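Each chain, written out:
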Amino acid sequence: MPKHTPKPFLGTTTNVNDAFPGIEEIDITIEQDPYGYYCQHQWQRVSRYTKSTLPKHVQCTNPRCQQGGIDLQSFVLSHSNGEFDISCNGHEGTPAGRRKGDPCDNHFKIKLNIERTK
Ligand SMILES: [Zn+2]
């Protein structure tokens, strides 16, 4: 395969070592819905993953949100360790997505800790 070919994403590969080259372990905590608009319970707002449990995509908790959420794989690959506050880039449009509605108000607070292979 030529070098510029993008790495396969989780979902098309089940091998996390292919999805995260050079990364030994991942500890990521995602807290969303900071104002409690969408979730009834605290446990619904916080999720924590490691390299072996990390999903490709984390869903936005706003039930009306379309095309929102965070692409966790590209997030992990493009950020270094730290805490990040990211607003959802989804919108409250029609389910068919033909019309773009109001932008989603949800925020993601992400705490990322990556251990790279030496
Ligand atoms: Zn959203």
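For the structure, check the block above.
The structure presented is a predicted model; accordingly, all values stated were derived computationally and were not measured. (Residues numbered from 1 in each chain as written. Predicted model: local features only at pLDDT ≥ 70, side-chain atom pairs only at ≥ 80, totals over all residues. Heavy atoms only, no water.)

K.L.:
Describe the packing of aromatic side chains, with residues and values.
P.N.:
Under the definition given, this model contains 3 aromatic pairs. Seen from their ring centres, F75 and F84 are 5.5 Å apart, and the 85 degrees between their planes marks the pair as edge-to-face. One aromatic cluster is present, formed by Y35, Y37 and Y38 through successive ring pairs. (Phe/Tyr/Trp six-rings, centres within 6.5 Å; stacked < 30°, edge-to-face > 60°.)

K.L.:
Could you give me a rundown of the side chain of S47, with the residues and numbers involved?
P.N.:
Along the chain, S47 falls in strand β2 (residues 46–50). A residue is classified by how much of its surface remains accessible, and S47, at 18% relative accessible area, is buried. Ignoring sequence-local partners within four residues, the contact set of S47 consists of I28, T29, I30 and V58. (Helix = DSSP H or I, 4+ residues; strand = E, 2+ residues; numbered from the N terminus. Buried < 20%, exposed > 50% of the residue type's maximum accessible area, 1.4 Å probe, protein only. Contact = heavy atoms within 4.5 Å.)

K.L.:
Kindly report on the coordination of the zinc ion, identifying the contributing residues and their values.
P.N.:
On the protein side, the zinc ion has C60 (SG), C65 (SG), C88 (SG) and C104 (SG) as donor atoms, found 2.2 to 2.4 Å from it. Taken together, the 4 donor atoms surrounding the zinc ion define angles of 105 to 115 degrees at the centre, an arrangement classified as tetrahedral. Each donor residue of the zinc ion lies on one chain, and together they are spaced C-x4-C-x22-C-x15-C. One end of the pair, C65, is in the loop between β3 (57–58) and β4 (70–71); the other, C88, is in the loop between β5 (82–87) and β6 (91–92), and 23 residues separate them in sequence. C88 carries the same exposure label as C65, and that label is buried. (Donors = N, O, S within 2.8 Å, 3.2 Å for Na, K, Ca; no water. Tetrahedral: all angles 85-135°; square planar, octahedral: opposite > 155°, others 65-115°.)

K.L.:
How would you explain the sheet that holds β5 if you had to name every residue and give the values?
P.N.:
Strand order in the open sheet formed by 4 strands is β2-β1-β8-β5, and the pairing between neighbours is antiparallel. Across the chains shown, the open sheet's two edge strands, defined by having one partner strand only, are β2 and β5. Recorded for the sheet is a direction-independent mean angle of 15 degrees between the axes of neighbouring strands. Alignment of β5 against strand β8 (residues 107–116), held across 6 bridges, turns out to be antiparallel. Bridge pairing in β8 links D85 to K109. (Pairing = 2+ DSSP bridges. Axes fitted to C-alpha atoms, helices over the stretch in contact; angles between N-to-C directions.)

K.L.:
So, the environment of K56: which residues are in play, and what are the values?
P.N.:
Note that K56 resides in the loop between β2 and β3. A relative accessible area of 25% means that K56 is categorised as partly exposed. When the C-alpha positions of K56 and D71 are compared, they lie 6.2 Å apart, and in sequence the two are 15 residues distant. Only 2.7 Å separates the side chain of K56 from the side chain of D71, close enough to count as a polar contact. (Polar contact = N/O pair within 3.5 Å; in protein donor to acceptor, adjacent residues only side chain to side chain.)

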